[in-house]
Every structure is written in C-alpha cells, then in structure tokens.
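# Examination of the molecular architecture
Residues per chain, in single letters:
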Amino acid sequence: MAILETQSLTKAFGALTAVNGVSLAVEAGTLHSIIGPNGAGKTTLFNLLTGTFAPSAGRILYDGRDITGTPASRVAHLGLARSYQRTSVFPAFSLYDNVWTAAFATGASWGGLLWRPADRYPEVDERARRALADVGLAERSGQPAREISHGEQRQLELAIALAAAPRVLLLDEPAAGLSPEETRRMVALVRALKGRYTIVLIEHKMDIIMSVSDRISVMHFGSLIAEGTPAEIQRNPEVRRAYLGGMAA
Amino acid sequence: MKRPIVLLLAAVVLLPLLVRPVIATEIWIFAIFGLGLNLLLGYTGMLSFGQSTFFGSAAYVAGWLLKHYAINVFLALGIGVGVGAASAALVGYLCVQRSGLYFIMLTFALNQMFYFIAYQWTSVTGGEDGMPGIPRPALAGIDFSNPLVYYCFVAALFLGALWVMRRIVESPLGRILQAIRENPVRAEAVGYDVPRFKLLAFVIGGAFSGLAGVLYAMLFGIVPLEAIGFVFSGNVLFATLIGGSGSLYGPVIGSFVFIWLSESVSTLWARWPLLLGVAFVIVVLFLRGGVVEAWSRFWTWRSSKPKA
C-alpha cells in the first residue's frame, strides 16, 4: 500500500511552474528515489510534501489521509521527517541538543514544558542518543554543531531527521558536497536505514541511486517523465535524453 | 552554578549599605524587567524595542487600583503580572507575524501607540504629570513605607523571579526558544509552531515586565509617563546588552551597572549618558557577551597564566 501519495500536485511561483501535475505513490517500506537535472523541482516537491509551501493545486495523501495544506510544524508530528540539501542544524547547540530538540518535538508528551528540567525526559534522551549512535556521532555528542566538519554535519542533518522517530524519511541529497570516502559512508548509512523506514531520496549521483533504490521517479522541468525500477530507468530513452541533452538519443 | 547564587545573596545584603535603599530597590526592579526582556532577546533572538508597553500598562492599572481601591499588595502584583502578560499577548500576537527589522519596528510602533493613549487619557493617567499618590499599603502589620522593608520585599521577589526564570530557561521551553533563535526554519520542520512559541515567550516576558512595573510604581509612589515611553524600552535593552544577553545573569549585572551609573554619576556629571554610549560601543564592537563575557574572559586569562 502507498504510504505517501500525491495526486496532480502543482506549485507555481508566478509564471514559473516548479512542480507540474506530479502524481507519485511511495510504497511503505521501500526506498523511492527522485532524480532529475538541477531545477527539475525535486526540492520544491519536498517542500510541498512537508508543508513548507502549500500547493497551488493537487492533493497529498499520507497513510490514506488527505494532508494537503497541513503546516510544516504539524507534518512533523504525523511521522514525516526531512533532511536538507543545504545543512540546516542548530549551530550553537551541542550535537546532543540538536537531536534532543527534534526528539522532544515528537515525543510522547510535552508535560512539564515550562517547568521540568530538560534533562529529565528519559524517553527523549534515549531517542536522542540512539539517533546520534545510528549515524555514528555518539562520541561527539557534547561538541557544538558549528565546530564539526562538513561531513559530520551531513550526518547530524540525518540524525535530526531520525530523532523524530518518523515513518517516512525524506532525504534531500544527503551526500551533497561529500568526499568520495564520506559518500561511501553515507551510502552505507542510507542502506542500513532502508527497511526500517520508508525513504524518499533525492540524489544526483547516479551510481548511488542505481545501487540503493527500489523505485525511481524522474523529474524534468517540474513534471514526472518516467517511473520504474533502476533497470527500467536506465533503459528509458526519454530519461537519457533529459540527462544527456539528446546526444545519446 | 553555586557561585552566582552566593554572589547574588551577598549583593542583596550589601547593596543597601553601598547605595541609598531607593536606588538599591530600583536595581532589583530593573533586573526583573531585564530578565523578562532577555527571554525574548537572548534566548529567542527577538529584539523587542517595546518592553515598556507591558511595564507601563501594568504600573498604570495596578497603580490606579492601589490608589482608588486600596487593594492588597499581592493582589496589585498579581494584577500587574496579568496586565503585563495580557498586553504582551496582544502586542506579541501582532509582532510575531513578522521578523527582522519589521518585527523591531512593530514593537516600537505599538509602544508608541500605548504611550499616546497614556498621554491623551489624562483623566486616568495624569498625562504628562504622571499618576501620583500611589500608596504602599501595609500587609499583615509589615510597614512597606519603610524604605528598607520595601527593599527586602523587592529583593525577595527578585530572587523568586530569578528562580522562576532559571526553571523556565532550563525547561524544554528554554531549549525550544533557543532552537528558534538558532534556526527557525529547522525548528518549524522538526515540529514546533514557531510563531506560537514566540508568542509564549512574549507573554512570559510581559508578565515579568508587569511585575517590575507595579514594584516601580510603588517604589516612587507615581507612574511617570516615561514608564510607558520608548526611552524606558531602550534603557532596559541597553542594560541587558551591556550586562550580556547570552546568559541568565547578564540582565541582572546590566541593571546594576545601568542604574548605578545613572543615579550616582548623573549627580556629578550631567553628560553621563555619554559614558553609557561609550560602554555600549565597546560592548557592540568587542564584547558581544557584555560584562558576563568580560568576566569569563578575565578568568580564562588568569587561569591560563603560569603561576610565578
């Protein structure tokens, strides 16, 4: 069954239609990648799915429920968590406080919000520690986020999304700007998360996409031009034209 | 964590020996006012240039009730806290819709609006002459008209207010507000309704301002029109920045520096705001963490020096 579905989803910014009638179904438990050239509308699609922007037309269904127009702060509570293409963390916070903040938001209860010391939420603490351990940052938990390397910040970016204990992870180019070695580690990480979460992945690096995806959707100028398994996508002439500018066609 | 508490208690005891009790009292009142502002400024990253709106509104309402209905001191303080919080809810609701420069201008503009209401409504507020004749009614045989007794009362309330603020900033709310300061977009994405949390910070800050406003009115027996004016809003902002907006104790130290300078140096030298200006420039250019940062830098420097 599709856990996340869009029906003719459209977003226009003035004359520019960034996302144009996209109908997409993400099956629960799969890793579904979205690829496409720069400016194809992939990140805008994520912004629509997470409620950052309201769509101009179309619907978003999550777990069979219509969540179109739900604001971003509510979407997080439904079990959808995202990571950002451009690292977006809390710079002055320690790594632990970064993931704690995300874990508390979707925690079982906000009881004692104004009064109970923040270190007396054992359930939140455990979730925060597990998220850091999952991405391999457990030993650095006390360090401020602004002091760690770019590669580690990308891992933290992912840990913040994991700390929310989501059902669906939306990962926007988790390997952006990483060295080959760091990229290998990130791919291993994403592979380890596969199966535990439903993952929607935006990525540019084709070798990553082809090796980890269950299904791939291809966007071009805001529209979906193809969908299928990695093998089907590799054979698709329209995809090759979009990517190679017609030279291979 | 223990040392600041010991220093504070020592300051509470020693202050009335060093300066006149009225000044000493004003320092703690201004510190309560600063604590409220700093929840917005230091913790949430909202530069409010209109804190006197809540301070003044509470002073007028509670002052009027004290004067005409001789209400109980604690009731007056409770009403002040309520008026401070309610006016902050109203102002905050409008201001949190915007951020950056527009936010600052909105807090300022709404402050001016409240100021002109107080200025025009002379039958109640006394306009430019202020609202005089505010009593300090005795409570259970304790005579608050004695300056030292009133000092002790205010100092105790200040310590209580500081304790409450410490609980708040160490609670999840404190961390969420700082997360909003650090990265509002991500705070929203992980599941916090940012405008609503900003509004909550406003209301709490307003409650502290209200408490300070009523204590101020009872201290001087008058609510001057300036108590709701933008100069007052600026003063608490200066004091907090000079003390250090990055820490819980910054506004307390700032209040001490500001009130002490304004009351003691002003009698010697009429151009004293010049000193304040210089202090402010130094803070902005070299010491973004204010006095608190200067202090901690000094200690790091001392402990790094090899012992001779």
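Reading the values: rules and limits
Residues numbered from 1 in each chain as written. Chains lettered and ligands numbered in written order. Predicted model: local features only at pLDDT ≥ 70, side-chain atom pairs only at ≥ 80, totals over all residues. Helix = DSSP H or I, 4+ residues; strand = E, 2+ residues; numbered from the N terminus. Rg over C-alpha atoms; globule rule 2.2 N^0.38 Å. Buried ≥ 20, exposed ≤ 12 C-beta atoms within 10 Å, placed from the backbone. Domains from an automatic or database assignment. Contact = placed C-beta atoms within 7 Å. pLDDT = per-residue confidence, 0-100. Nonpolar A, V, L, I, M, F, W, Y, C, P; charged D, E, K, R; others polar. Pairing = 2+ DSSP bridges. Axes fitted to C-alpha atoms, helices over the stretch in contact; angles between N-to-C directions. Expected span 1.5 Å × (residues − 1). Right-handed = clockwise from strand over helix to strand, strands pointing away. Parallel < 35°, antiparallel > 145°, perpendicular 65-115°, else oblique. Left-handed = near helix turned anticlockwise from the far one by under 90°.

As a further point, take the overall build of chain B. Looking only at helices and strands, chain B features 14 helices and 2 strands. Here the C-alpha atoms of chain B give a radius of gyration of 19 Å, agreeing with the 19 Å that 2.2 N^0.38 yields for 308 residues. Projecting the C-alpha coordinates of chain B onto the three principal axes gives extents of approximately 60 × 50 × 40 Å. Buried residues in chain B amount to 47% of all 308 residues.

All names here are of chain A. By the assigned domains, chain A splits into domain 1 (1–79 + 166–249) and domain 2 (93–164). Taking only C-alpha atoms, the centre of domain 1 and the centre of domain 2 are 26 Å apart. If you look at the interface, domain 1 gives 11 residues, while domain 2 gives 9 residues. Mapped onto the side of domain 1 that touches domain 2, the elements with two or more residues apiece are α2 (72–78) and α6 (180–193).

Interpreting fine coordinate detail is not advised for predicted regions of low pLDDT. When pLDDT is averaged along chain A, the result is 92, and 98% of the positions lie at 70 or above. Per-element averaging of pLDDT across chain A places helix α9 (residues 237–244) of chain A at the bottom with 77 and helix α3 (residues 95–105) of chain A at the top with 97.

Here we take up the interface of chain B and chain A. Taken together, the 20 residues of chain B in the interface contact 27 residues of chain A. Of all the secondary-structure elements, those providing two or more residues to the side of chain B that touches chain A are α7 (147–169), α8 (172–182) and α9 (184–189) of chain B. Top contributing element to the side of chain B that touches chain A by residue count: α8(B), with 7 residues. Residues belonging to the side of chain B that touches chain A are distributed by class as follows: 9 nonpolar, 4 polar and 7 charged.

Residues and elements named next belong to chain A. Taken across its 8 residues, helix α1 (residues 42–49) has 8 buried, putting it largely inside the fold. Those residues of α1 that fall on the buried side of the exposure criterion are Lys42, Thr43, Thr44, Leu45, Phe46, Asn47, Leu48 and Leu49. Just beyond α1, the residue with positive phi is Gly51, at close to 85°.

Right, let's talk about the sheet that holds strand β5 (residues 65–66) of chain A for a bit. All names here are of chain A. In spatial order, the strands read β2-β1-β4-β5; together these 4 strands make up an open sheet with antiparallel pairing. A strand with exactly one partner marks an edge of an open sheet, and here the two such strands are β2 (16–27) and β5. Sitting on the sheet, α1 touches β1 (2–13), β2 and β4 (57–62), and the angle it makes with β2 is about 65°.

Here we come to the pairing of strand β8 (residues 198–202) of chain A. All names here are of chain A. Most of β8 is tucked away: 5 of the 5 residues are buried. Across the two faces of β8 the burial is the same, with Thr198, Val200 and Ile202 and Ile199 and Leu201 all buried. Where strand β7 (residues 168–172) meets β8, 5 bridges bridge the pair, whose relative direction is parallel. Note on β8: the bridge partner recorded for Val168 is Thr198.

Moving on: helix α4 (residues 73–95) of chain B. The terminal C-alpha atoms of α4(B), which comprises 23 residues, lie 32 Å apart, in line with the 33 Å expected from a rise of 1.5 Å per residue. Elements in contact with the buried residues of α4(B): α3 (52–69), α5 (100–120) and α10 (194–220) of chain B.

With that settled, consider the pairing of β7(A). Residue and element names in this part refer to chain A. Burial of β7 is extensive: 5 of the 5 residues sit out of reach of the surface. Side chains Val168, Leu170 and Asp172 of β7 all project onto a buried face; the interleaved residues Leu169 and Leu171 project onto the opposite face, where all are buried too. Direction of pairing for strand β6 (residues 80–83) relative to β7: parallel, over a ladder of 4 bridges. Bridge pairing in β7 links Ala81 to Leu169. Remark: the β7/α6/β8 crossover connection has right-handed handedness.

This part covers the packing of helix α11 (residues 230–243) of chain B against helix α12 (residues 250–268) of chain B. Residues and elements named next belong to chain B. At a closest axis distance of 7 Å, the pairing of α11 and α12 adopts a crossing angle of 115°. If you check the angle between α11 and α12, you find them roughly perpendicular. Note that α11 runs across α12; the crossing there is right-handed. In this structure, α11 contributes Asn235, Phe238, Ala239, Thr240, Ile242 and Gly243 to the contact, and α12 contributes Gly250, Pro251, Val252, Ile253, Gly254, Ser255, Val257 and Phe258. Here the contact of α11 with α12 is built from residues that sort into 8 nonpolar, 6 polar and no charged.

All names here are of chain A. One open sheet accounts for 6 strands, arranged β6-β7-β8-β3-β9-β10; its pairing is mixed. Each of the sheet's edge strands pairs with one partner strand only, and the pair in question is β6 and β10 (223–228). Going from strand to strand, the sheet's axes swing by 20° on average, the running direction of each strand aside. In this sheet, β10 lies alongside strand β9 (residues 215–220) in antiparallel orientation, the contact comprising 5 bridges. Its bridge partner being in β10, Met219 is matched across the sheet by Leu224.

So, about the packing of α4(B) against α5(B). All names here are of chain B. α5 packs onto α4 with a crossing angle of 145° between their chain directions and a minimal axis gap of 9 Å. For α4 against α5, the interelement crossing comes out right-handed. When α4 is examined against α5, the residues Val91, Leu94 and Cys95 are found in contact with a partner set consisting of Phe103, Leu106, Thr107 and Leu110. Taken together, the residues of the contact of α4 with α5 break down into 6 nonpolar, 1 polar and no charged.

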